[in-house]
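Structural overview for review
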Amino acid sequence: MTERFTKAAARNIFYGGSLFFFATFVALTALSHLYIVNTSTDKAGLNDAVARGKHVWEKNACINCHTILGEGAYFAPELGNVWKRYGGDKDHDGAVTALKGWMAAQPSGIQGRRQMPQFNLTEQEVEDLAAFLEWTSRINTQNWPPKLSG
Amino acid sequence: MKYESQKVALWYFAAAMGLFAVQILVGLLAGAVYVMPNLLSELVPFNIIRMIHTNALIVWLLIGFFGAAYYLIPEEAETELHSPTLALVQLGLFVFGALAAVVGYLFRIYEGREFLEQPTWIKAAIVVVALMFLYNITLTLIKGRRTVITNILLVGMWGIAIFFLFSFYNPSNLALDKMYWWYVVHLWVEGVWELVLASILAFLMIKMTGVDREIVEKWLYAIVGLALFSGILGTGHHYYWIGTPGYWQWIGSIFSALEVAPFFTMVVFAFMMVWKSGRRHPNKAAMLWSLGCSVFAFFGAGVWGFLHTLAPINYYTHGTQVTAAHGHLAFFGAYAMINFAIITYAMPYLRGRQPYNQLLNMWSFWLMCGGMAFMTFVLTVAGVVQTHLQRVLGMDYMEVQEQIALFYWMRLGAGVIVGVGVVLFLYSIFGPAREERPASIPTNYQPAE
Ligand code: HEM
Ligand code: HEM
Ligand SMILES: [Fe+2]
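Residues numbered from 1 in each chain as written. Chains lettered and ligands numbered in written order. Predicted model: local features only at pLDDT ≥ 70, side-chain atom pairs only at ≥ 80, totals over all residues. Heavy atoms only, no water.

Quick note on the threshold: UniProt positions are given in the numbering used here, feature names are shortened, and annotations may be inferred rather than shown by experiment.
Chain B has the name Nitric-oxide reductase large subunit in an unreviewed UniProt entry, where Azospirillum doebereinerae is given as its organism. Database annotation for chain B, UniProt heading Subcellular location (unreviewed entry): "Membrane". Its UniProt record, at the heading Sequence similarities (unreviewed entry), says of chain B: "Belongs to the heme-copper respiratory oxidase family."

In the nomenclature of an unreviewed UniProt entry, chain A is known as Cytochrome c of Azospirillum doebereinerae.

1. A word on the nonpolar core
Using the following cut-off: Throughout, nonpolar core names a set of buried Ala, Val, Leu, Ile, Met, Phe, Trp, Tyr and Cys residues whose side chains join them through atoms within 4.5 Å. Note on exposure labels: buried denotes an accessible area under 20% of the residue type's maximum, exposed denotes more than 50%, and partly exposed covers the range between, all computed with a 1.4 Å probe on protein chains only. A run of H or I in DSSP becomes a helix once it reaches four residues, and a run of E becomes a strand once it reaches two; helices and strands are each numbered from the N terminus. Contact between two residues is taken to exist if any of their heavy atoms lie within 4.5 Å; hydrogens are not considered.
The biggest cluster of nonpolar side chains holds 201 residues, and the ones touching the most others in it are Trp 60, Phe 65, Trp 188, Trp 193 and Phe 340 of chain B. When residues of this core are assigned to their parent elements, the largest contribution, 27 residues, is made by helix α6 (residues 174-209) of chain B. Among residues more than four places away in sequence, those in contact with Phe 340 of chain B are Met 17, Phe 20, Trp 60, Trp 289, Phe 332, Met 368 and Phe 425 of chain B. In this structure, Trp 144 of chain A together with Trp 241, Ala 311 and Tyr 315 of chain B belong to the second largest nonpolar core, which totals five residues.

2. A short note on the site of ligand 1
What counts is decided by this rule: Near is defined per residue: the residue qualifies when any heavy atom it owns lies within 4 Å of the molecule or strand. Any pair of nitrogen or oxygen atoms within 3.5 Å is treated as a polar contact; in protein, a donor-acceptor pairing is required on top of that, and neighbouring residues in sequence qualify only through side-chain atoms on both sides. Any residue that is not Ala, Val, Leu, Ile, Met, Phe, Trp, Tyr, Cys, Pro, Asp, Glu, Lys or Arg is counted as polar, Gly included; the first ten are nonpolar and the last four charged.
Contacts to ligand 1 come from 25 residues, most closely from Tyr 74 of chain A together with Tyr 34, Arg 50, His 53 and His 328 of chain B. In the model, a nitrogen atom of ligand 1 is placed 2.7 Å from a nitrogen or oxygen of the His 328 of chain B side chain. Only α1 (8-35), α2 (46-77), α12 (321-350), α13 (358-392) and α15 (405-430) of chain B provide two or more residues apiece to the shell around ligand 1. No other element matches α1 of chain B, which puts seven residues into the shell around ligand 1. The residue makeup of the shell around ligand 1, split by class, is 14 nonpolar, eight polar and three charged.

3. Here we look at the pattern of salt bridges
Note that side chains of opposite charge can pair when their charged atoms are close. The following threshold applies: Definition used for salt bridges: Asp or Glu carboxyl oxygen within 4 Å of a side-chain nitrogen of Lys or Arg.
All told, the structure shown has 17 salt bridges over all chains when counted by the stated rule. Arg 113 of chain B is the partner of Asp 177 of chain B in a salt bridge, and the nearest nitrogen-oxygen pair spans 2.9 Å. Within this pair, whereas Asp 177 of chain B is found in helix α6, its partner Arg 113 of chain B is found in the loop between α3 (84-106) and α4 (120-143), the two being separated by 64 residues in sequence. For Asp 177 of chain B, a relative accessible area of 5% translates into the label buried. Counted as one network, the salt bridges with shared partners bring together Lys 7 of chain A together with Glu 76, Arg 213, Glu 214 and Glu 217 of chain B.

As structure tokens, this is what we get:
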């Protein structure tokens, strides 16, 4: 009898505890959801160009070479702060031009250097991509990454 | 093997191992591109190679889980599967979806979120596949005996299907996208997949050690309880730097540090059961994989996870080769190895043979495990150097990569050793096997089988 009781107790603790922790987690993510939408990201700046730029980012699977905010592949540099590396926070148009130049120059074809593909993006697509990267660079990331190098 | 319908597992295991071979070949290619960057760079760029490597991994692990469930549920429930035909249709659809995805990737058709690259229609097909599976095993369990093992397995499988639904949500706010992306990725590998892992391990322990079911079941509850109590809030270790609030640095650090506990408990559980029983199961290779799985999962997920899970450390190591090192040993130790364990255990029954090719199989164990351990070690060193140069000194990413090129050569070398182990494993499992199981001896001399 006691044997049975113990197993039933173990079962109840497992299911009850898991539900409790899951409910706590959902509540905390709900709070975080509001925090992201209202505080840590630029709500007003999230316009169509940014949304289209995110789509360009996804359609070309940039994430499978690069990281963005530290997540993705480790084959190529972090791009969450590339806008700042390009000096876009000081010279917006200069950074857009630099990005256009970069995308057009790929692949470099240099022997022994990692290659980035030619994505044949339109003028508009690169501008959207720039809008997305700029918007991303302004997310409050608790001061990550530690250095501009990403 | 007592039930005819368990045979469907054979097809699942074969499909899983086929995709595993693809994963390893493509992984070797990815490792080669790291050191010979001009290789195939125009035809099949690195991003496509990588998504095939990781997608093949996830799909073969899932197929392996399905196969394991179809193998063990009839034996646990003491009844035939509700519909073996449906199980085979389900497999056909899944394999078709996986192959269609790979071909699509080669033609630049993908959705471009890490691990969730599949086009929407393939994601939908995956949901259909999951529902077919859940329907089939739920109906089987309703008419049969229900055990703690089948209950936990079922909860785990439902969880896999439910959390996958978050893959359909892709808001244009990148921070939100990332937060819910982890609902799939983290709540899978550090949540519901652990339930599947622990229940398969518990099944293997009951069968191979013959220890009393009551005891095994209490351990199982302890393991899965620890897993979910720590792992759910442990998701916070991914919410440090993506635009989520600062409180996650505390919650994530504390709870994810506790995630070591279920993995440690699994090691104690597995070794205790073997030690307690004192029985020698004839399938030594299956025993080796089972015990090895608990140990490698503990090191890969537990130790290598803990290494970079505290927020002040993760601030520096986030998204470096340290992450890659951990990702490899964790996936391999926990989820690849539990598949090798159940496959090695079940194949002799599925093929109607005595345990066969044991020595070869055990050689493959040492080659694969040795290779993966070495790969993890060199990537960890690469990651520490990278962290220091790039995150502390602020050196440019590409310059840093040149500094650590040597470690990428060693990773490729380690990968070749793993590859040899894989060939041996596949041959030992699917290759010729003599010694038929004599018809007079029942295949299940309970409880130790
Ligand atoms: C022949 C052996 C292997 C080689 C050479 C290899 C190579 C690679 C490479 C080069 C990457 C991309 C890393 C990057 O983004 O920079 C990768 C990613 C990955 N591989 Fe492998 N791999 C091998 C075997 C495996 C095995 C056996 C597993 C698991 C069972 C595995 C799981 C993964 C995972 C999960 C990722 C993504 C890691 C992350 O996002 O952090 N690989 N692999
Ligand atoms: C079997 C279980 C586990 C598997 C398969 C696994 C796999 C992975 C993978 C593939 C990633 C990289 C994700 C990406 O691409 O961004 C990752 C990240 C991470 N894992 Fe695990 N993991 C497991 C368990 C754990 C545990 C138990 C801990 C902590 C104790 C942990 C701590 C971490 C941390 C902190 C990161 C983020 C690394 C970063 O900031 O770049 N993992 N894990
Ligand atoms: Fe995690």
